[in-house]
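# Tertiary structure, described
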Amino acid sequence: MPLASTLRMAVLALLWGSGFLWIKLALNHGLSPLQITVTRCALGAGVLLALALAARQRLPRDRRTWGHLLVAAFLCNALPFALFSVGEQTVDSGTAGVLNATTPLWALLLGLLLGTDRPLSPARLTGLLLGFTGVLLIFAPWERAGLMTGGALALLGAAVSYAVAFAYMGRHLTGRGAPLAVSAAQLLTATGWAGLALPVGSPGAAGVDATAFVAVTVLGIFGTGVTFYLNYRLIEDEGATSAATVGYLLPVVSVALGALFLDERVGPRVIAGMVVVLAGVSLTRPRKGAAGVASSPAPTAARAGARTTTAAATATAGGRPGLRR
């Protein structure tokens, strides 16, 4: 991989993986989950609109596309963004990053249930079972100190929401051209979704300090808007398979940053669960050249079902603001 792409991948992993840290800081310093969701969507949309303008891409104009964007924005942005913020009210940011890594497993399971994914090979079946074993190890329902809490379930719900969103977007939105503009439109729509709930779901901002504003600003501009552009460039230059490798770095980044800046202590059980989950995800990913999926940097909607696992591998705490190429 060229040095430029390697550096882009490293920056992308750092920005996406740090999203969990910024969410935690914003929560700890007075912002509510919905306030964080609305702000990051709006800031991310602003970045993408600027990039789309620079690339001479126009927002969609047909009602059909906007109708699909309403669904995609809810499932891929507004809902998981809010669930991650809700979950991190009671769960460490590092653990949130680990649970987010289960997205490809849910995507594969959904593809199998809907019949859109090819039959499981022994390796992929092993990966699926191994991944969910890792989830069970993280939750540890047999221990009093386990993670069977509402916050942890919210984080897992965000990962499932991503998986459903990828399947929907692959069928109805991928391949329509102007990816920066369509993604900007999706985040604008997500801002509207979150804004609808803001009056009834958020307290006042009386206790909010400067740290919260800095955290949510960095999250929106860099962790939501800029990351899409970097991901877009990485896929364009190196293909979807190489870009998906970033997904394996995100839990490591989130755990490391949580320990360094928030004094979070992730126990051996959660670390072991993370390793097992990532090993399982690695086995479930389509191999390069299989069914023409993983090797293509710009897959079409007709291959959406088989592509879902690869697309999901780079999911973060709402880091994916819009469409994959």
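## Quick look at the overall build of the protein chain
Each helix and strand counted, the protein chain has 14 helices and 0 strands in total. Reading the secondary structure of the protein chain in the N-to-C direction produces α-α-α-α-α-α-α-α-α-α-α-α-α-α. When burial is assessed residue by residue, the protein chain has 55% of its 325 residues classed as buried. Across the protein chain, every contact between residues at least 6 apart in sequence was considered, and the portion connecting residues at least 24 apart equals 86%. Here the protein chain has roughly 12900 Å² of accessible surface; of this, 68% comes from carbon and sulfur atoms.

## Topic: the packing of helix H5 (residues 93-100) against helix H12 (residues 246-261)
Geometry of a packed helix pair, given as the angle between the helix axes and the separation of the axes. Two elements in contact, H5 and H12, have axes whose closest approach is 7 Å; the angle formed by their N-to-C orientations is 175°. With respect to H12, the element H5 is oriented roughly antiparallel. Residues Ser93, Gly94, Gly97 and Val98 of H5 form the contact with H12, whose own contacting residues are Pro251, Ser254, Val255 and Gly258. Residues of the contact of H5 with H12, tallied by class, amount to 3 nonpolar, 5 polar and no charged.

## Comments concerning helix H3 (residues 33-54)
Note that an α-helix has 3.6 residues per turn; residues three or four places apart therefore point the same way. Over its 22 residues, H3 runs 32 Å from end to end, which matches the ideal 32 Å to within 8%, given 1.5 Å per residue. Of the residues trailing H3, Arg56 is marked for its positive phi of about 60°.

## Structural notes on the environment of Gln89
If you trace the backbone, Gln89 turns up in the loop between helix H4 (63-87) and H5. Residue class for Gln89 comes out partly exposed when judged on its relative accessible area of 48%. Taking C-alpha positions, Gln89 is 6.8 Å from Leu27, a pair spaced 62 residues apart along the chain. If near-sequence neighbours (up to four positions away) are discounted, Gln89 is found in contact with Lys24, Leu27 and Pro33.

## Examining the nonpolar core
Nonpolar side chains in soluble globular proteins tend to be buried together. Counting residues in hydrophobic clusters, the biggest one holds 63 residues, and the most contacted among them are Leu31, Ile36, Phe84, Leu99 and Leu187. Ignoring sequence-local partners within four residues, the contact set of Leu99 consists of Ile138, Phe139, Ala152, Leu155, Leu156 and Ala159. One finds Leu12, Leu15, Ala243 and Leu250 within the second-largest nonpolar core, a separate group that totals 11 residues.

## Digging into the packing of aromatic side chains
With the rule as written, the count across this model stands at 6 aromatic pairs. Above the plane of the ring of Phe81 lies Arg40, whose end atom (NZ or CZ) is 3.9 Å from the centre.

## Remarks on helix H2 (residues 19-28)
Buried residues dominate H2, accounting for 8 of its 10 residues. For H2, the full list of buried residues reads Gly19, Phe20, Leu21, Ile23, Lys24, Leu25, Ala26 and Leu27. Residues of H2 that are buried in the fold lie against helix H1 (3-17), H3, H4, H5, helix H10 (210-238) and H12. Positive phi appears at Gly30, one or two residues downstream of H2, with a value of about 110°.

## Details of the pattern of salt bridges
Opposite charge on two side chains permits pairing when their charged atoms draw close. Inspection of the entire model under this criterion finds 4 salt bridges. In this structure, Arg8 engages Asp237 in a salt bridge whose closest nitrogen and oxygen atoms are separated by 3.0 Å. Here Arg8 is found in helix H1, whereas its partner Asp237 is found in helix H10, with 229 residues between them in sequence. Arg269 is the partner of Glu143 in a salt bridge, and the nearest nitrogen-oxygen pair spans 3.3 Å. In this pair, Glu143 sits in the loop between helix H7 (122-139) and helix H8 (150-172) while Arg269 sits in helix H13 (residues 268-284), placing the two residues 126 residues apart along the sequence. Overall, the relative accessible area of 35% leaves Glu143 in the partly exposed class. Three or more residues are tied together by salt bridges with common partners; here these are Arg8, Arg233 and Asp237.

## Some details on a nonpolar patch on the surface
Residues Leu70, Val71, Phe74, Trp193 and Leu196 make up a contiguous nonpolar surface patch of about 450 Å² in total accessible area. Elements represented by at least two residues in the nonpolar patch include exactly H4 and helix H9 (179-201). Among the elements that line the nonpolar patch, the one with the most residues is H4, at 3 residues. Tracing the backbone shows Val71 in helix H4.

## What about the confidence of the model for the protein chain?
For the protein chain, mean pLDDT is 84; residues scoring 70 or higher make up 85% of the total. At the low end of the mean pLDDT range in the protein chain sits helix H14 (residues 304-312), at 37; at the high end sits H2, at 97. Contacts of residues 290-325 to residues separated by more than four positions or lying in other chains number 133 contacts, the stretch itself having pLDDT below 50.

## Side note on the packing of H7 against H13
The geometry of H7 relative to H13 is characterised by a closest axis approach of 7 Å and an angle of 160° between their N-to-C directions. Taken together, the axes of H7 and H13 are roughly antiparallel relative to one another. Considering how the two elements wind past one another, H7 and H13 form a crossing that is left-handed. Only Arg269, Val270, Ala272, Gly273, Met274, Val276, Val277, Ala279, Gly280, Leu283 and Thr284 of H13 make contact with H7, whose side of the interface consists of Ala123, Arg124, Thr126, Gly127, Leu128, Leu130, Gly131, Thr133, Gly134, Val135, Leu137 and Ile138. Considered class by class, the residues forming the contact of H7 with H13 number 13 nonpolar, 8 polar and 2 charged.

Conventions used here
Residues numbered from 1 in each chain as written. Predicted model: local features only at pLDDT ≥ 70, side-chain atom pairs only at ≥ 80, totals over all residues. Heavy atoms only, no water. Helix = DSSP H or I, 4+ residues; strand = E, 2+ residues; numbered from the N terminus. Buried < 20%, exposed > 50% of the residue type's maximum accessible area, 1.4 Å probe, protein only. Contact = heavy atoms within 4.5 Å. Areas by Shrake-Rupley, 256 points an atom, 1.4 Å probe, with all protein chains shown as cover. Axes fitted to C-alpha atoms, helices over the stretch in contact; angles between N-to-C directions. Parallel < 35°, antiparallel > 145°, perpendicular 65-115°, else oblique. Nonpolar A, V, L, I, M, F, W, Y, C, P; charged D, E, K, R; others polar. Expected span 1.5 Å × (residues − 1). Core = buried A, V, L, I, M, F, W, Y, C linked by side-chain atoms within 4.5 Å. Phe/Tyr/Trp six-rings, centres within 6.5 Å; stacked < 30°, edge-to-face > 60°. Lys NZ or Arg CZ within 6 Å of the ring centre and 35° of its normal. Salt bridge = Lys/Arg side-chain N within 4 Å of Asp/Glu carboxyl O. Patch = residues over 30% accessible without salt bridge, like charges linked within 9 Å, V, L, I, M, F, W, Y side chains within 5 Å. pLDDT = per-residue confidence, 0-100. Left-handed = near helix turned anticlockwise from the far one by under 90°.

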